[in-house]
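Understanding the architecture of this molecule
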Amino acid sequence: MATTFRVGIGYDIHRLAEGRRLVLGGVEIDYPLGLLGHSDGDVVLHAVTDALLGAAGLPDIGDLFPDTDPAYKDIDSRELLATAIEKVAEAGYAPNNIDLIVHAEKPKLSEHKGAMASSIALLTGLGTSAVSVKAKTNEGLGPLGHADGIACTATVSIVNKPKP
Ligand code: MG
């Protein structure tokens, strides 16, 4: 079977707010603020999920899991990613590698990059060498630079896999 290779891109941003847990890439990070959202607000998993869906030519995360649907209220974003991977598999593809950037002025994420990469690798069935997590500040510029929120940009490649 010829190898078919496709790529997708995903982006997400959520506001930081009091009284919320901060969860990034499925990893809970100790910080006084967390990300607002209908779900747990995990921008990293949302960007990865959207990149995977896009790579497979499937409807996006907002179409599949509308924030008007109470079923997704406070849902663990790991569940959304797992559902997306199932849909990608039904379309005949599997994740191949992931490269992402977390845009966060605060908290400093350098010490959490490894844990996020391991978590995402586990969730997507990839080896840790196939998952790259980079953390960037916004150099103090704009809302992200004022630490009003956290964003993530992700690219994902997928390859076709033989139907079982
Ligand atoms: Mg989101």
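Computed from a predicted model, the values in this text were never measured in an experiment. (Residues numbered from 1 in each chain as written. Predicted model: local features only at pLDDT ≥ 70, side-chain atom pairs only at ≥ 80, totals over all residues. Heavy atoms only, no water.)

**Some thoughts on the coordination of the magnesium ion**
Our working rule: Here the coordinating atoms are restricted to nitrogen, oxygen and sulfur within 2.8 Å of the metal centre, or 3.2 Å for Na, K and Ca, and because water is not among them the sites may look incomplete. For helices the rule is a DSSP run of H or I covering at least 4 residues; for strands it is a run of E covering at least 2, with both sets numbered from the N terminus onward.
At 2.0 to 2.2 Å from the magnesium ion lie its protein donor atoms, namely D12 (OD), H14 (NE2) and H46 (ND1). Read in sequence order, the donor residues coordinating the magnesium ion give the pattern D-x1-H-x31-H. Of this pair, D12 sits in strand 1 (residues 5-18) while H46 is found in helix 1 (residues 43-55), placing the two residues 34 residues apart along the sequence.

**A look at unusual backbone geometry**
Cis geometry is found at the peptide bond from K106 to P107, where omega equals -10 degrees. Along the polypeptide, P107 turns up in the loop between strand 5 (93-103) and helix 4 (113-124). Despite not being glycine, E139 has its phi angle at roughly 55 degrees, a positive value. Within the fold, E139 resides in the loop between strand 6 (131-136) and helix 5 (142-145).

**Topic: the packing of aromatic side chains**
Going by this rule: Only Phe, Tyr and Trp rings are paired, with Trp represented by its six-membered ring, and only when their centres lie within 6.5 Å; those with planes under 30 degrees apart are stacked, over 60 edge-to-face, the remainder tilted. A 1.4 Å probe rolled over the protein chains alone gives each residue an accessible area, and that area as a share of the maximum for its type sets the label: buried under 20%, exposed over 50%, partly exposed in between.
A full pass over the atoms with the stated rule returns 1 aromatic pair. Pairing F65 with Y72 gives two aromatic rings, centres 5.3 Å apart and planes at 80 degrees, and the pair type is edge-to-face. Taking the relative accessible area as the measure of exposure, F65 reaches 9% and is therefore buried.

**A word on the sheet that holds strand 1**
For the record, the criterion: For two strands to be treated as a pair, DSSP must find at least two bridges joining them. Note on definitions: angles span 0 to 180 degrees between N-to-C directions of axes, and those axes are lines fitted to C-alpha atoms, for helices only across the stretch in contact. By definition, residues are in contact when any of their heavy atoms lie within 4.5 Å.
Spatially, the 5 strands line up as an open sheet ordered 4-1-7-5-6, and their pairing is mixed. One side of each edge strand has no neighbouring strand; the edge strands of this open sheet are strand 4 (33-35) and strand 6. Taking each pair of neighbouring strands and ignoring which way they run, the sheet shows an average axis angle of 25 degrees. Examined bridge by bridge, strand 1 and strand 7 (residues 149-160) share 11 bridges and lie antiparallel to one another. What sits directly across from I13, in strand 7, is A151. Helix 1 contacts strand 1, strand 4, strand 5 and strand 7 of the sheet and is inclined by roughly 155 degrees relative to strand 1.

**A few points about the nonpolar core**
So the rule is basically this: Definition used in this section: a nonpolar core is a set of buried Ala, Val, Leu, Ile, Met, Phe, Trp, Tyr and Cys residues joined via side-chain atoms within 4.5 Å.
L24, L100 and I150 are the most contacted members of the largest nonpolar core, which totals 37 residues. Sorting the residues of this core by element identifies strand 2 (22-24), strand 3 (27-29), helix 1, helix 3 (77-90), strand 5, helix 4, strand 6 and strand 7 as the ones contributing at least two each. If one sorts the elements of this core by residue count, helix 1 sits on top with 8 residues. In this structure, L100 is in contact with V44, V48, I120, S132, V133, K134, C152, T153 and A154, ignoring residues within four places of it in sequence. In this structure, L53, I61, Y72 and A84 belong to the second largest nonpolar core, which totals 7 residues.

**Looking at the pattern of salt bridges**
Filter applied, for reference: In what follows, salt bridge is the name for a side-chain nitrogen of Lys or Arg lying within 4 Å of a carboxyl oxygen of Asp or Glu.
Scanning the entire structure with this criterion turns up 5 salt bridges. Via salt bridges that share partners, R20, K73 and D74 belong to a single interconnected network.

**Quick notes on the packing of helix 1 against helix 3**
Going by this rule: If an angle is under 35 degrees, it is roughly parallel; if it is over 145, roughly antiparallel; if it lies from 65 to 115, roughly perpendicular; otherwise it is oblique. When residues are sorted by character, Ala, Val, Leu, Ile, Met, Phe, Trp, Tyr, Cys and Pro go into the nonpolar class, Asp, Glu, Lys and Arg into the charged class, and all the rest, Gly among them, into the polar class.
Packing of helix 1 against helix 3 leaves a shortest axis separation of 9 Å and a crossing angle of 10 degrees. For the element pair helix 1 / helix 3, the angle class is roughly parallel. On helix 3, the residues that touch L45, H46, V48, T49, L52 and L53 of helix 1 are S77, R78, L80, L81, A84, I85 and V88. Residues of the contact of helix 1 with helix 3, tallied by class, amount to 9 nonpolar, 3 polar and 1 charged.

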